[in-house]
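Each chain, letter by letter, is given below.
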Amino acid sequence: MNSLAVDCGQTGSRLLLSVAGRSALLTAGGFAYAAADPAATVNGNIADAWQHGPKWTVPAVGIGLTGEYDDTQLRTIAAATARLCGAAVVRIAHDSVTAHVGALGGRPGMVVMAGTGVVALTVGPDRSVRRVDGLGHLLGDDGGGFFVGQRALRAALAAADGRGPQTLLHAMAIEAFGPLDDLAGRLNPDPAAVSRIAGFSRPAAQAARAGDEIAVRIWQDAVAALVTTSRAALSGWPAATVSWAGALFDVADLIREPWLRAMREQEPRAVFTTPAGDCLGGARLLAERDDLDHLCRLVYRV
């Protein structure tokens, strides 16, 4: 089926246009919690990506969104996207849903997604749903890329002014951000601050692999947080299929492998499976299948 799949995350937005066996992957900026008009921000990102691709008409769109939107905002996003690509139906869900559908193909189970932020979603055989975290960088997202990057940057700043021990993260922060004495003044008003801080998780991984104790501890804390979130999502459920999603799980040595070890030890009834696809694949399935409508926040028909 011809479709447009949209994955709107905090760090960036991706569009997968699929028509007659051909496909085009398009990218744009990410979601900002501080945006005055979140729907306008999402529409702008989708439009920015769309203008760089082929202008193929598609009948169906699936969108996974980070953040919270009211019904009016969701309808605004759906209507604008339908006009953009000529779609007759637009299905919108939280990105925890598209992560879940991408990983498990619509089957029951639990999927924890860790990218810039973190959210876990369990879908039961009876279609019941439980979501854990996904609260944004100010109130949650424990164990995600921002969680790691922020703690690494705080450790670098503490080392710089003598509040904390020396760490490789100090020099890495200078390389990534420039002089640290005015960093707060530059980052606080920066609309891209969340993604920039989350991006510091990459140097933090290098520091951990080099044996830096501060960095190692930060990654261990991230794993522990992801285990806590995952177990909370599974609490009270019978044996469940478990999978994962998000770029942070690509950090196999520091996140995926220790998370799997801890989960297998603490949740022996769970059955762990490698994800079949990612959030973008989940958004495509959302667009192309009407048996997933119960997981959507909005099904918009022109």
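Structure's up top.
Residues numbered from 1 in each chain as written. Predicted model: local features only at pLDDT ≥ 70, side-chain atom pairs only at ≥ 80, totals over all residues. Heavy atoms only, no water.

Draft legend 1. Region of the structure containing helix H11 (residues 279–288). Taken as a whole, H11 has its buried residues at Cys279, Leu280, Gly282, Ala283, Leu286 and Ala287. Across the axial projection of H11, the buried residues extend over an arc of 155°, all falling on one side. Where H11 begins, the capping side chain belongs to Asp278, and its oxygen is found 3.2 Å from the backbone nitrogen of Leu280. (Buried < 20%, exposed > 50% of the residue type's maximum accessible area, 1.4 Å probe, protein only. Helix = DSSP H or I, 4+ residues; strand = E, 2+ residues; numbered from the N terminus. Arc of directions from axis to C-beta. Polar contact = N/O pair within 3.5 Å; in protein donor to acceptor, adjacent residues only side chain to side chain.)

Draft legend 2. Quick look at the packing of helix H8 (residues 201–209) against helix H9 (residues 213–234). Close contact between H8 and H9 brings their axes to 7 Å; oriented N to C, the two are set at 115°. In the crossing of H8 with H9, the sense of the turn from one axis to the other is left-handed. Seen from H8, the contacting residues are Ser201, Ala204, Ala205, Ala207 and Ala208; seen from H9, they are Ala215, Val216 and Trp219. Within the contact of H8 with H9, the residues separate by chemical class into seven nonpolar, one polar and no charged. (Axes fitted to C-alpha atoms, helices over the stretch in contact; angles between N-to-C directions. Left-handed = near helix turned anticlockwise from the far one by under 90°. Contact = heavy atoms within 4.5 Å. Nonpolar A, V, L, I, M, F, W, Y, C, P; charged D, E, K, R; others polar.)

Draft legend 3. Fine view of the sheet that holds strand E9 (residues 241–245). Pairing in this open sheet of five strands is mixed, and the strands run E8-E7-E6-E9-E10 from one edge to the other. Either end of the sheet is taken by a strand with one partner, and the two such strands are strand E8 (129–133) and strand E10 (271–272). As paired strands, strand E6 (residues 109–114) and E9 are joined by four bridges and run parallel to one another. Its bridge partner being in E9, Met110 is matched across the sheet by Val242. Strands E6, strand E7 (118–123), E8 and E9 of the sheet are contacted by H9, whose axis makes an angle of about 160° with E8. (Pairing = 2+ DSSP bridges.)

Draft legend 4. Examining the nonpolar core more closely. Membership of the largest hydrophobic core comes to 53 residues, with the highest contact counts inside it found for Val112, Leu169, Trp219, Ile255 and Trp259. The element best represented in this core is H9, accounting for ten residues. Residue contacts for Trp219: discarding those within four places in its chain leaves Val148, Ser201, Ala204, Ala205, Ala208, Leu248, Val251, Leu254 and Ile255. In this structure, Cys8, Ile63, Ala79 and Cys85 belong to the second largest nonpolar core, which totals 30 residues. (Core = buried A, V, L, I, M, F, W, Y, C linked by side-chain atoms within 4.5 Å.)

Draft legend 5. Expanded view of helix H1 (residues 38–50). For H1, built from 13 residues, the straight-helix expectation of 18 Å at 1.5 Å per residue is met to within 8% by its first-to-last C-alpha distance of 18 Å. Listing the buried residues of H1 in full gives Pro38, Ala39, Val42, Asn43, Asn45, Ile46, Ala49 and Trp50. All buried residues of H1 lie within an arc of 160° about the axis, which places them on one face of the element. In this fold, the buried residues of H1 make contact with strand E1 (3–8), strand E2 (13–19), strand E3 (22–28), strand E4 (60–65) and helix H2 (71–85). (Expected span 1.5 Å × (residues − 1).)

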